[in-house]
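Here's the letter readout for the chains.
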Amino acid sequence: MNNMGRKRKTALFCAVILLVCSLAVQPGDAVYGKKKKPALSKKSVLVKIGKTAKIKVKNAKGMKITWKRNKKIVTVKKSGRYAAKIKAKHAGTAKVTAVIKKGKKKYRRVCRVIVPTSCKRTPHPSTASPTPKAPTASPTPKAPDNPTTSTSPTVPDTPTTSTGPTVPDKPTDPTNPTASDNPMTSTSPTVSDNPTTSATPKSEKTERITLSENMCMDTAALDGAPVYNADGSVTVTVKNEYGGGGIAFYLREDKKPVDVSAYKALRITVSAKESTPLQISCYADGDNFWSEAPLLGYGSAETDKRVLPYSLNACPSVNAVRVRYNSWNLPAGATATLTIHSIELERDLRDISGAVSDYEPLSELADRYGFKMGTVISSTTVTDSLYNGLMKYHFNSLTAANETKAYSMLDQNASKTAWIDDETSMAKINFTRADEIMEFARDNQIRMRGHVLVWDADMCDWFFRKGYDSSKEYASADIIKKRVQNYIEQVLTHFEEKYPGLIYCWDVVNEAVGDSAGDYAAGDARHVRTMRSGKKNLFYETMGKDYVELSFQYARETIDKLKQKNPNLDTKLYYNDYNTFYAEKRDAICELVKSINTYKSDGRGGYVRLCDGVGMQSYIGGFGQQSGCMNDGDISKVREAIQKYADLGMEVQVTEMAVRNYQSDAETLERHAEFYEKLFRVYMEANAGASKPIKAVCIWGIVDAPDMNESDYSYRMNGPYCGLFNEYLGVKPAFIRVYNLLKNGQ
């Protein structure tokens, strides 16, 4: 064949190839791109009662679609092949799910539907919130004001020349194993004897249960009969028998179950001769003390009268409540004298309609500036439909309060049962509570922060011992390293394989940098803590001074393994801490990050990047008191810290924000709002350039809790008036300031 023939044949072959490609590629398809997966036209909709909304499934040509709803708040009807009409019947929140099938493939896509109460309602005075004005041209932003209203340091009794607070912004509370990282949504015991802390009269908020002999369902393991006092209280002496004695009361005289959907919480006011641990349970239809009684929670009766609040979100109906001596760890024969002053049902007066119908989602506004808006969720709030309706509407990132921490998931009994020898037996993990959180996030298409893999505070001592037995000696460094590596592998693998792509980052190590010279070894520029509140850091003690770096190496190696199955996996690894904006601790964190990222050689003369970012917890203000709150000097420190971390190539997330506030007068709430606005202006300005280091702002002190007593840990941690929303889930001045800033821009 001559050259001319070859050219003609080649040209004909190319023409055929082009024709085949043109037929194979449909209009709108990219030759180089993957086919898009089905998606809903709207992830959330607001529909007024009696009105309808339409949602469609995109990218579902040729697929079979069925529609489901989880509550009778709405009805759903097909509208054509790929759409559905949603009609609102009752106020509340619901999920509408599109189940999409093509062959063996199956997709579930969820739209959250929010149905507000009538917009012509007359709101309760405490839920009423200012109506936002129509957007106007935003004025030229002012530079942050000099601190004139408060010149006191953030932490009381700290000299103004100090480079950081003497008292940690977030100390560990040794009396509460989960308090040191608890959000405002904690159900920790509070005292509420001051009627001025709420805008709603107590008589409107609560319904009191009669504590009489006639209402007593049953008792067990008491030392003597109950004493019914003239003031309506009852006193019992409980014994340490069968796990603890106690008393149970019916809610109604007819002893029938009560629908508790209209109630927010059960409030038990108690006192005791000495500190007495309690467990509170409820009966769905009990008639004796040993009937099945799901646990509501734990608490402690002290010599002073205090209120123990317990969520009723998971209880559709209750006929009786049990107060029991939690005596499992107490000596045999122990007794305690307890007085139950009252049992009350707290009505749910919350209303989210104004906070969602009058405003665009905060997350959509923040997305313009390159960061997510996040908040916190717990095993308690995950079943609270009103709270979740508000959070799902405004936030696109969630962090589990405690459920994904090691001490919450490690299972000692299972670990001991499966133990063979130290070399081969790895710890067992119970993912049940953590999976509940993940399933909620997945079903509502909200991304999760993983929190946290390694944290010395309240870590299970038995994890470090031979045979996982608290009575045995500590295992060797090599064995502990294997256990930590295996734990990290188990956790990362479980969540990624079961909920692929849901967790977009992990806090690998939490709060490893000490606060004062006694917390860390002399000469350690990283200030890695050897001690916390007088207790040894067992990770440091057993693994060595490089336990932080090793933990990041284990996490990175696991992510790399998971990437082999999912090349698109891009989970970021963070170091997370408090007081990150104070100079001394900030600089120590920078040294730690440098150490982490120069720890493992890449084999080419460089290093493997093990750490991607720094989490700034951002509990800001005087710890437990108003002095030091809303101090403009902290704004400058935050700005400087963000820049320092960004200069190291770090991403930055605000991970556990609580702008502390302990007063509810109008002037203080306005100052709180101004401070919040200044903080968000810093975040927006930090992301004004191309690098955009701020990736998320996650607010944990999100809802006010005015009933908290000053002795409560969450009171000191967050302050009772720190939220963007008030206790009734109405917006506050702080919300409006942040909203208008994000909406109108600079």
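A quick note: this is a predicted structure, and the numbers were derived from the prediction, not measured. Along every chain, residues carry numbers that run from 1 in the direction the sequence is written. Side-chain atom pairs in this predicted model are given and counted only at pLDDT of 80 or more, local residue features only at pLDDT of at least 70, and totals for whole chains, interfaces and linings cover all residues. Side-chain numbers here rest on the full set of heavy atoms in the structure, without hydrogens or water.

1. Considering the overall build of the chain
Inclusion rule: Helical segments are the DSSP runs of H or I of at least four residues, strand segments are the runs of E of at least two, and each set is numbered from the N terminus. The protein chains shown are the only cover counted for residues, whose accessible areas, like all others here, come from Shrake-Rupley with a 1.4 Å probe.
Summing up its helical and strand segments, the chain has 16 helices and 34 strands in all. When the accessible surface of the chain is totalled, it reaches about 33,200 Å², and 51% of it is carbon and sulfur.

2. Looking at the sheet that holds strand β6 (residues 83-88)
Inclusion rule: In this analysis, strands are considered paired if DSSP registers two or more bridges between them.
Judged by pairing direction, the sheet is antiparallel, and its 4 strands sit side by side in the order β1-β3-β6-β5 without closing on themselves. Of all strands in the sheet, those with a lone pairing partner are β1 (39-40) and β5 (74-78), marking the two edges. With 5 bridges joining them, strand β3 (residues 52-58) and β6 adopt antiparallel strand pairing. Paired with K54 across the two strands is K85, which belongs to β6.

3. A closer look at unusual backbone geometry
Keep this limit in mind: Each residue is placed in one exposure class: buried if its accessible area under a 1.4 Å probe, protein chains only, is under 20% of its type's maximum, exposed if it is over 50%, and partly exposed if it falls in between.
Cis geometry is adopted by the peptide bond preceding V452, which originates at H451 and carries an omega value of 5°. A positive phi is found at Y242, a non-glycine position, where the angle reads about 55°. With respect to the helices and strands, Y242 occurs in the loop between β12 (234-239) and β13 (246-250). On the accessibility criterion, Y242 (63% relative accessible area) is exposed. Look at Q445: it is not a glycine, yet its phi comes out positive at around 55°. Among the secondary structure elements, Q445 is positioned in the loop between α8 (432-443) and β26 (447-454). Classification of Q445 by relative accessible area gives partly exposed; the value is 31%.

4. Some remarks on a positive patch on the surface
For clarity, the cut-off: A patch is a set of surface residues, each over 30% in relative accessible area and not in a salt bridge, joined within 9 Å for like charges and within 5 Å for the nonpolar side chains Val, Leu, Ile, Met, Phe, Trp and Tyr. A side-chain nitrogen of Lys or Arg and a carboxyl oxygen of Asp or Glu constitute a salt bridge if their distance falls within 4 Å. Residues scored as positive are Lys and Arg, those scored as negative are Asp and Glu, and His as well as the terminal groups of each chain are ignored. Here the site of a charge means atom NZ of a Lys, CZ of an Arg, CG of an Asp or CD of a Glu.
Among the surface-exposed residues, K64, K68, K78, R81, K101 and K106 lie close enough to one another that they form a single positively charged patch. Along the chain, K64 falls in strand β4 (residues 64-69).

5. Remarks on the environment of S311
Convention followed: Should any heavy atoms of two residues lie within 4.5 Å, those residues are considered in contact.
The residue S311 is located in strand β18 (residues 306-311) in this model. Remark: the alpha-carbon pair of S311 and K264, spanning 47 residues in sequence, is separated by 6.4 Å. Setting aside residues up to four positions removed in sequence, S311 forms contacts with K264, L296 and T380.

6. A few points about the side chain of H672
Keep this limit in mind: For this analysis, a polar contact is any N or O atom pair within 3.5 Å, provided that within protein one partner can donate a hydrogen and the other can accept it, and provided that sequence-adjacent residues contribute only side-chain to side-chain pairs.
Position of H672 relative to the elements: it lies in helix α14 (residues 666-686). Among the residues examined, H672 registers a relative accessible area of 1% and is labelled buried. Of the polar contacts made by the side chain of H672, one reaches the backbone oxygen of V659; its length is 3.0 Å. When residues no more than four places from it in sequence are discounted, the contact partners of H672 are M630, V659, R660, N661, Y721, C722, G723, K732 and A734.

7. Some remarks on the side chain of E511
Structurally, the position occupied by E511 is in the loop between β27 (503-510) and β28 (531-532). Residue classification places E511 among the buried positions, given a relative accessible area of 0%. At 3.1 Å, the side chain of E511 and the side chain of Q617 are in polar contact.

8. Thoughts on the environment of F680
Mapped onto the elements of the fold, F680 is located in helix α14. Its relative accessible area of 0% is what places F680 among the buried residues. Between the C-alpha atom of F680 and that of L742, which follows or precedes it by 62 residues, the distance is 8.3 Å. Beyond its immediate sequence surroundings of up to four residues, F680 is in contact with F371, M373, V697, I699, V738, L741 and L742.

9. Here's the deal with the layout of surface pockets
This is how it is decided: Cavities and pockets are found on a 1 Å grid laid over the protein atoms alone: a cavity is a set of points where a 1.4 Å probe fits but cannot escape, a pocket is an open set with protein on both sides within 12 Å along at least five of seven lines, and a lining residue has an atom within 4 Å of such a point. Grid points are joined across faces, edges and corners, and a volume is the space filled by probe spheres set on the points. Classes in brief: Ala, Val, Leu, Ile, Met, Phe, Trp, Tyr, Cys and Pro nonpolar; Asp, Glu, Lys and Arg charged; the others, Gly included, polar.
In this structure, the second largest pocket occupies an estimated 1,300 Å³ of space. What lines the second largest pocket is a set of 32 residues, and nearest its centre among them are K37, R109, P500, G501 and L502. Counting residues per element, the lining of the second largest pocket draws most heavily on strand β8 (residues 105-115), which supplies 5 residues. Classifying every residue of the lining of the second largest pocket by side-chain character gives 12 nonpolar, 5 polar and 15 charged.

10. Quick word on the sheet that holds strand β20 (residues 320-325)
Which entries qualify depends on this criterion: Between N-to-C directions, angles span 0 to 180 degrees; the directions come from axes that are lines fitted to C-alpha atoms, helices contributing only their stretch in contact.
Spatially, the 5 strands line up as an open sheet ordered β10-β13-β20-β16-β17, and their pairing is antiparallel. Where the open sheet ends on each side, the last strands, each with one partner, are β10 (216-220) and β17 (295-301). The mean inter-strand angle of the sheet, taken between neighbouring strand axes irrespective of direction, is 20°. Strand direction decides the pairing type here: strand β16 (residues 276-283) and β20, joined by 6 bridges, are antiparallel. From the neighbouring strand, S281 faces β20, where its bridge partner is R322.

11. Structural notes on the packing of aromatic side chains
The test is simple: Planes of paired rings set the category: under 30 degrees apart is stacked, over 60 is edge-to-face and the rest tilted, where pairs are Phe, Tyr or Trp rings (Trp by its six-membered ring) whose centres lie within 6.5 Å.
With the rule as written, the count across this model stands at 18 aromatic pairs. Summarising the aromatic geometry, the rings of F289 and W290 are spaced 4.9 Å apart at their centres and angled 80° between planes, so their arrangement reads as edge-to-face. Judged by its relative accessible area of 47%, W290 falls in the partly exposed class. A centroid spacing of 6.3 Å and a plane angle of 40° characterise the contact between Y407 and W455, whose relative ring orientation is tilted. On the criterion of sequence distance, the pair formed by Y407 in helix α6 (residues 406-409) and W455 in the loop between β26 and α9 (477-498) is long-range, its members being 48 residues apart. For W455, a relative accessible area of 5% gives the class buried. One aromatic cluster in this structure is built from Y359, F725, F735 and Y739.

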